[in-house]
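# A look at the structure
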Amino acid sequence: MADHSWSTSANPTYRVLIIGCGLAGLAAAIGIRRVGHEVTILEKAAELQELGAGINVSPNGTLIFREWGILDAIKDKANIPYAASMRSYKDSFQLFSQPLGRQMEELYSAPYLVIHRADLHSVLVQEADRLEIAIHLDSHFTRINFSDPSVELSNGKTYDADIILGADGERSACRDALLGYNIPSQDSGDHVFRITVKASDVAQHKDLMELVQPPCVNLWVGPGANAITYALKRDGLLNVVLTCAHDISKTIQHGPRRVEIHEAREAFGKWDDKFQTLLSLAQGCTKWTLLQTPEALYWTHPDGKFALLGDSAHAMLPYLGQGAAVAFEDAAVLGTLFSKVQHKSQLPDILSIYERLRKPRTTALRSRSQAMRDVYAFDDGPLQQERDRQLQHHAPFDGFPNFLADPVLQKSMFSYNAIDEAEKAWDTYLRGEWPSTRGMWNVVSREA
Ligand SMILES: Cc1cc2nc3c(=O)[nH]c(=O)nc-3n(C[C@H](O)[C@H](O)[C@H](O)COP(=O)(O)OP(=O)(O)OC[C@H]3O[C@@H](n4cnc5c(N)ncnc54)[C@H](O)[C@@H]3O)c2cc1C
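Owing to the predicted nature of the structure, the values given are computational and were not obtained by experimental measurement. Every chain begins its residue count from 1, and numbering advances along the sequence as written. Thresholds applied to this predicted model are a pLDDT of at least 70 for local features of residues and 80 or more for the giving and counting of side-chain atom pairs; totals over whole chains, interfaces and linings are not thresholded and use all residues. Side-chain descriptors were evaluated using all non-hydrogen atoms of the structure, hydrogens and water having been removed beforehand.

To continue, consider the site of the ligand. Near the ligand you find 27 residues, and of these Glu43, Asn56, Arg117, Asp311 and Ala324 are the closest. One nitrogen or oxygen atom from the main chain of lysine 44 is found 3.1 Å from a nitrogen atom belonging to the ligand. Take glycine 321: an N or O atom from its main chain is 3.1 Å from a nitrogen atom of the ligand. Computed by Shrake-Rupley with a 1.4 Å probe, the accessible areas treat only the displayed protein chains as cover when residues are assessed. In the complex, 83% of the free accessible area of the ligand, which totals 1000 Å², lies under the protein chains. Runs of E in the DSSP output that reach at least two residues are strands. Runs of H or I that reach at least four are helices, and both are numbered from the N terminus. At the level of elements, α1 (23-33), β3 (54-57) and α11 (323-338) are the ones that each hand at least two residues to the shell around the ligand. Broken down by element, the residue count for the shell around the ligand peaks at three residues, all from α11. The residue inventory of the shell around the ligand, partitioned by class, reads twelve nonpolar, ten polar and five charged. By convention in this text, a residue qualifies as near a molecule or strand provided that one of its non-hydrogen atoms is within 4 Å of it. Throughout this description, a polar contact denotes any pair of N or O atoms lying within 3.5 Å of each other; where both atoms belong to protein, one of them has to be capable of donating a hydrogen while the other can accept it, and for residues adjacent in sequence the pair is counted only when both atoms sit in side chains. Residues are grouped as follows: nonpolar covers Ala, Val, Leu, Ile, Met, Phe, Trp, Tyr, Cys and Pro; charged covers Asp, Glu, Lys and Arg; every other residue, Gly included, is treated as polar.

Another point: the pattern of salt bridges. In what follows, salt bridge is the name for a side-chain nitrogen of Lys or Arg lying within 4 Å of a carboxyl oxygen of Asp or Glu. Under the defined criterion, the tally for this structure stands at 23 salt bridges. Here aspartate 162 makes a salt bridge to arginine 15, at a shortest N to O gap of 3.8 Å. Separated by 147 residues along the polypeptide, aspartate 162 in the loop between β11 (158-160) and β12 (163-166) and arginine 15 in strand β1 (residues 15-19) bring together distant segments of the chain. Exposure remark for aspartate 162: the relative accessible area of 11% places this residue in the buried category. Residue classification places arginine 15 among the partly exposed positions, given a relative accessible area of 31%. With a shortest N-O distance of 2.9 Å, glutamate 329 and arginine 358 are connected by a salt bridge. Of this pair, glutamate 329 sits in helix α11 while arginine 358 sits in helix α12 (residues 347-376), and the two are 29 residues apart along the sequence. Residue exposure (1.4 Å probe, protein chains only): buried if accessible area is under 20% of the type maximum, exposed if over 50%, otherwise partly exposed.

Next up on the list: the side chain of lysine 359. Locating lysine 359 in the fold gives a position in helix α12. By relative accessible area, which is 16% here, lysine 359 ends up buried. A distance of 3.4 Å separates the side chain of lysine 359 from the backbone oxygen of leucine 297, its partner in a polar contact. Among residues more than four places away in sequence, those in contact with lysine 359 are Glu295, Ala296, Leu297, Tyr298 and Trp299. Throughout, a contact is declared for two residues whenever any of their heavy atoms are within 4.5 Å.

UniProt tags residues 12-32 as "transmembrane region" (unreviewed entry). This span, residues 12-32, is 48% helix and 24% strand, and a straight line between its end C-alpha atoms measures 13 Å. UniProt positions are given in the numbering used here, feature names are shortened, and annotations may be inferred rather than shown by experiment.

Residue placement: asparagine 79 occurs in strand β4 (residues 78-79). With a relative accessible area of 14%, asparagine 79 lands in the buried category. From its side chain, asparagine 79 meets the backbone oxygen of alanine 231 in a polar contact 2.9 Å long. Those residues within four positions of asparagine 79 in sequence are excluded, and the remaining contacts are Leu113, Val114, Pro215, Ala231, Leu232 and Lys233.

To continue, consider the sheet that holds strand β8 (residues 134-136). Ordered in space as β8-β2-β1-β12-β19, the five strands form an open sheet in which the pairing is parallel. This sheet does not close on itself; its edge strands, each paired only once, are β8 and β19 (306-308). Here the average twist between neighbouring strands, direction ignored, is 20°. Summarising the sheet, β12 and β19 pair through three bridges and their orientation is parallel. Considered in β19, the bridge of glycine 166 is made with leucine 308. Each axis is a line fitted through C-alpha atoms, and for a helix only the stretch in contact is used; angles between axes span 0 to 180 degrees, taken between their N-to-C directions. Those strands touched by α1 are β1, β2 (38-42), β8 and β12, and its axis lies near 170° from that of β2. One requirement defines pairing of two strands: DSSP has to find at least two bridges between them.

The structure is reproduced here in structure tokens:
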């Protein structure tokens, strides 16, 4: 017999259609299904997959998974790094080390973990299956009707719903349909190399041993470039991601393309010997252009039956490691608000509350991430010297050049409890104080 124990709500149920089965779409589906609504995901890919290797999931994300009862399944496939070190490209000298493991748990009551994307995705898919969320593959949407919510697919099928959510990623067609014009994703000025290295190969080199044992995050900074490594549980891999400035006029490479490792070696040729040893262990290398997409002016349709989430709403540069974490926050906010709905006429208010609650936070994180890029990429000279001096000789302060240690930024990112924030917003709404909503007082009279 099916387990319906997740369905806690005595409120009416609505049909929610989600476009995109990436981390954002899946998380939103789980958040909303858990509170009893009927959820269908439409995914254009013919099979479910999550491209790439590792991802950091910070406490503002993991606390949501704990609330949803799937944190243990995720932790089983994850590593909990004990610290994050920031190093100089010249000699791999450790400029700063920020404790993670136990300290994050103590401060935020939730872990900071690193996991292979495919593993995180598979735990979410498993949970979606358990919750009986319908996932339709090979379902490429081409048109949305916003007022009488329905979606047309390229194969001619149509789906209708009470609410549609667009989670189709950074180059979002949902966003274009909502705004009525195309926001082009631009070249950020950086490209990314992702390299596959076996942690066991790394461990055989005495001077590289500290990269894998105990598990920790290492971030090297150098002129116009940075590199991050952390060990993943899956396949004993060391996740190595190199980011490097390039001539912006070059053609955009959307998504990873296999390249010879010598391209990365050339780009990072001036980095120290230890780093060169690491590159010599590479078994494969992919490369793509890092995109930068202006944020959509608004995320919800004025008819109140459609909203964007995840990268389609607020894609950001990866330098704070927050892109997916804030998508999980979106999902938790939507799930919490959907648990409250007592009447269909409240659905537009729910989306309005969601956007007003979420947008200022993601806008701020987008701009901090951009600023972080610049700090990591200083050329050798006075700014770099001052950055390194602060890292080595100052206690962390507001604006500290290591974002993980910046006491103000760290707290604002990691202590954010999306579920509590949505609860507070709902209370404000109930008092008739949430801006641009129609209030609770005439719920029954609004719709037959
Ligand atoms: C180098 C790098 C490192 C990063 N590191 C971190 C990190 O450490 N921590 C972190 O929190 N974030 C990180 N991020 C950000 C994170 O990867 C993204 O924010 C997150 O994966 C976005 O998920 P999404 O579901 O919104 O989009 P996507 O993963 O792009 O998913 C969109 C889905 O929609 C589907 N789709 C697209 N068009 C259609 C259509 N027309 N019809 C139907 N389906 C469609 C796609 O096939 C896809 O499955 C990083 C990003 C980069 C680039």
